[in-house]
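Analysis of the macromolecular model
Each chain, letter by letter, is given below.
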Amino acid sequence: MVSCLVSRGYDPLALSEAIEKLVCKGDLRRYYRVVRGGRWYGGIATADCCGCNLRCVFCWSGAPRDQPHKVGRMYSPEEVAHKLVSLAKRREYRLVRISGNEPTIGRSHLLKVVELVEQTGGITFILETNGILIGSDTSYAKDLSKFSRLHVRVSIKGTTPEEFHRLTGARPEAFELQLQALKNLLDHGVRCHPAVMLSFSTREGREFLIRKLSDIDRVLVEEFEEEYVFLYPHVVERLRRAGITPRVAYSPDSIPEELV
Ligand code: SF4
């Protein structure tokens, strides 16, 4: 009886607050790599930040996620935007992003970086997020709606609340925050799409999620992006320790072209 009353898993919103204290100070945010180029999206400049509000078993981020205050250094929005845009121009990329961990932690920093990138003209900012913070506060989506060159990719962890709990260790109810993020973004006219981690999902789970997305807006089903685990050695070790085996996964040197 008592166990029925005990919440299973951590609260990602409480974790967000704790991590924000470690990796943000005013408009500053801690990063472990600024900046790198890459083939994703056909070419994109990326700054990798520290600190996340989830603990996915398939995560490829090591110390920058688990000891985020011990790696890298603090950067101002001006410094990050300048380095992103400079690399994008040198390599003729049209896209930039913040990746590595969860970019929505430290809202004032993120908004300033997006604003500065937008002011340079011609470059689109891809916001890759797990959606937890945007789903928990509709004013976040409203703040993002003032940018015209922004696209939000909401990376959903699994297809059901139970699968989300198994993959992230967070309380199952927080699964809904990711879906709510998509709804909040669409309600405020922000361009977005769902990317869904399907490596561990059943057919029934996938159908459940498709119905949920369809209930929000059919366009989310049409733009549904599939994500799969890439088996970097430390990811394999994390999965082994968690006792979780993916149904579908790829080695880093044989990632299908359509997933790049
Ligand atoms: S949301 Fe991304 S960065 Fe955070 S734990 Fe999950 S995979 Fe890692």
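Below, the structure is looked at part by part.

Conventions used here
- Residues numbered from 1 in each chain as written.
- Predicted model: local features only at pLDDT ≥ 70, side-chain atom pairs only at ≥ 80, totals over all residues.
- Helix = DSSP H or I, 4+ residues; strand = E, 2+ residues; numbered from the N terminus.
- Rg over C-alpha atoms; globule rule 2.2 N^0.38 Å.
- Buried ≥ 20, exposed ≤ 12 C-beta atoms within 10 Å, placed from the backbone.
- Contact = placed C-beta atoms within 7 Å.
- Near = placed C-beta within 6 Å.
- Nonpolar A, V, L, I, M, F, W, Y, C, P; charged D, E, K, R; others polar.
- Core = buried A, V, L, I, M, F, W, Y, C linked by C-beta atoms within 7 Å.
- Axes fitted to C-alpha atoms, helices over the stretch in contact; angles between N-to-C directions.
- Parallel < 35°, antiparallel > 145°, perpendicular 65-115°, else oblique.
- Left-handed = near helix turned anticlockwise from the far one by under 90°.
- Pairing = 2+ DSSP bridges.

**Things to note about the overall build of the protein chain**
A tally of regular secondary structure across the protein chain gives twelve helices and eleven strands. In summary, the protein chain has a C-alpha radius of gyration of 18 Å against a globular reference of 18 Å for 260 residues, a match within 12%. For the protein chain, the C-alpha atoms occupy an extent of roughly 55 × 40 × 40 Å along the three principal directions. Looking at the protein chain as a whole, 40% of its 260 residues are labelled buried. For the protein chain, the proportion of contacts with a sequence separation of at least 24, taken over those separated by at least 6, is 76%.

**Some thoughts on the site of the ligand**
Every residue close to the ligand is listed here: Cys52, Leu54, Arg55, Cys56, Cys59, Ser61, Arg65, Asn101, Glu102 and Asn130. Taken together, the residues that form the shell around the ligand break down as four nonpolar, three polar and three charged.

**Regarding the nonpolar core**
Counting residues in hydrophobic clusters, the biggest one holds 65 residues, and the most contacted among them are Ala47, Leu84, Val96, Val117, Val152 and Leu185. Once you skip the residues sitting within four places of it in the chain, alanine 47 turns out to touch Tyr31, Val34, Val35, Val80, Lys83, Leu84 and Ile98.

**Focus: the environment of phenylalanine 164**
Here phenylalanine 164 lies in helix 8 (residues 161–168). Residue classification places phenylalanine 164 among the buried residues on the basis of 26 C-beta atoms within 10 Å. For phenylalanine 164 and proline 233, which are 69 residues apart along the polypeptide, the C-alpha to C-alpha distance reads 23 Å.

**Points about the packing of helix 4 (residues 77–91) against helix 5 (residues 107–120)**
At a minimum axis separation of 9 Å, helix 4 and helix 5 run at an interaxial angle of 40°. The orientation of helix 4 relative to helix 5 falls into the category oblique. Read as a crossing pair, helix 4 and helix 5 show a hand that is right-handed. On helix 5, the residues that touch Pro77, Glu78, Val80, Ala81, Leu84 and Val85 of helix 4 are His109, Lys112, Val113, Leu116, Val117 and Thr120. For the contact of helix 4 with helix 5, the residue count by class is eight nonpolar, two polar and two charged.

**Looking at unusual backbone geometry**
Of all residues except glycine, most have a negative phi; of all peptide bonds, most are trans. A cis amide bond, omega 25°, links valine 34 with the succeeding residue valine 35. With respect to the helices and strands, the residue valine 35 is situated in strand 2 (residues 28–36). Phi is positive for glutamate 92, which is not a glycine, with a value near 60°. By the secondary structure assignment, glutamate 92 is in the loop between helix 4 and strand 5 (95–99). Among the residues examined, glutamate 92 registers 7 C-beta atoms within 10 Å and is labelled exposed.

**Considerations on the pairing of strand 3 (residues 45–49)**
Across the five residues of strand 3, four count as buried, placing the element largely inside the fold. In terms of strand pairing, strand 2 meets strand 3 through four bridges, oriented antiparallel. The partner of arginine 36 across the bridge, within strand 3, is threonine 46. Across four bridges, the pairing between strand 3 and strand 5 is parallel. Residue pairing for strand 5: aspartate 48 is matched across the bridge by serine 99.

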